[in-house]
Structures are given as structure tokens and as C-alpha cells.
Amino acid sequence: MAQRALPQSKEALLKSYNKRLKDDVKSLLDNFSELAIIIKLARVEEETQVSRMTQCEEDHFEMLVRASNIVRAGESLMKLVTDLKQYLILNDFPSANEAIGQTARNMLSMQQESDRKLMALRDDLAADLYDLEEEYYSSPFK
């Protein structure tokens, strides 16, 4: 199928979707990587100016923030999928028109088949009625 020129608003919307996708995936990856680094650093026992409990609380808080960022990015991706589905459903006119055309063709063929059957039934009834009338009018028991 040939690529059609999209209207400016549709093109901008698609670019927006693409940017959201890249940003959310990048956020997921960055936060997951940082979580992995925090977990690795938590195992290292080194003395710093900050007490061990304070460092543990700071690491715990940072892990919570990173986890919430991962959840936010995941929810944003799910919202993006919903938006894309809605966009496709509402703006996919060629496939909607094709579906309507196919349904119309199916209904037309069903109508033609019904017409053929009704015509055959009419012809059979006319022939039977003719035979019955002939029998009735030629009967001596009228």
C-alpha cells in the first residue's frame, strides 16, 4: 500500500506518540539500570561520612522512587497503547470503508440469492396452481 501524505495534525500526533514511546521506554530502562546499580552498591561495605543506617534509608528511598518511576512509565505505556487503539479505531477510514463495502457486497449477494429462490418458488407455485385449476375445472364434481 502506498504511503499517503498525512494531514499536519495527524502527523504531529503520530510524532507525539513516537516521542512518548521513546521517553517511557528510556525511563523504564534508566530506572531499572539505576535500581540494579543501587542493589550492587548496597552489598559493598565501605565507610563514608554518612552512617550505615542513613545510607540504607537513602538507598531504600531511592529504590522506592525508582520503582515508582518504573510503574509510572509502565502506566504511561499502557495509556499510549490505549490511545493508539482509539486512534486506529476512530481514524482508520480505509479499513472501515472496506468492511462496510464487504458487508454491502455480502448483503447484495444474499439479496440476489433470496430473489432467485423466491422466483423459483413463485414458478413452482404457479405451475402447481395451474395444474390444480385445470384439475378443478375439468372435474365432474364441481
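Residues numbered from 1 in each chain as written. Predicted model: local features only at pLDDT ≥ 70, side-chain atom pairs only at ≥ 80, totals over all residues. Heavy atoms only, no water.

**Student:** I tried to follow the overall build of the chain on my own but got confused; where do I start?
**Tutor:** If you tally the helices and strands in the chain, you get three helices and zero strands. Starting at the N terminus and walking to the C terminus, you meet the elements of the chain as α-α-α. Across the 142 residues that make up the chain, the buried fraction comes to 10%. Looking at the chain alone, contacts between residues at least 24 apart form 87% of all its contacts between residues at least 6 apart. (Helix = DSSP H or I, 4+ residues; strand = E, 2+ residues; numbered from the N terminus. Buried < 20%, exposed > 50% of the residue type's maximum accessible area, 1.4 Å probe, protein only. Contact = heavy atoms within 4.5 Å.)

**Student:** Hey, could you run me through the packing of aromatic side chains in this one?
**Tutor:** Ring pairs (aromatic) are described by centroid distance and by the angle formed between their planes. Throughout the structure, instances matching the rule amount to two aromatic pairs. For the ring pair Tyr136 and Tyr137, a centre distance of 5.2 Å and an interplane angle of 70° mean the geometry is edge-to-face. Given a relative accessible area of 56%, Tyr137 falls into the exposed group. (Phe/Tyr/Trp six-rings, centres within 6.5 Å; stacked < 30°, edge-to-face > 60°.)

**Student:** I keep staring at a nonpolar patch on the surface and nothing clicks. Help me out?
**Tutor:** Together, Leu118, Leu121 and Leu125 make up a nonpolar patch on the protein surface, roughly 310 Å² of accessible area in all. With respect to the secondary-structure elements, Leu118 resides in helix 3 (residues 93-137). For Leu118, a relative accessible area of 55% corresponds to the exposed category. (Patch = residues over 30% accessible without salt bridge, like charges linked within 9 Å, V, L, I, M, F, W, Y side chains within 5 Å. Areas by Shrake-Rupley, 256 points an atom, 1.4 Å probe, with all protein chains shown as cover. Salt bridge = Lys/Arg side-chain N within 4 Å of Asp/Glu carboxyl O.)

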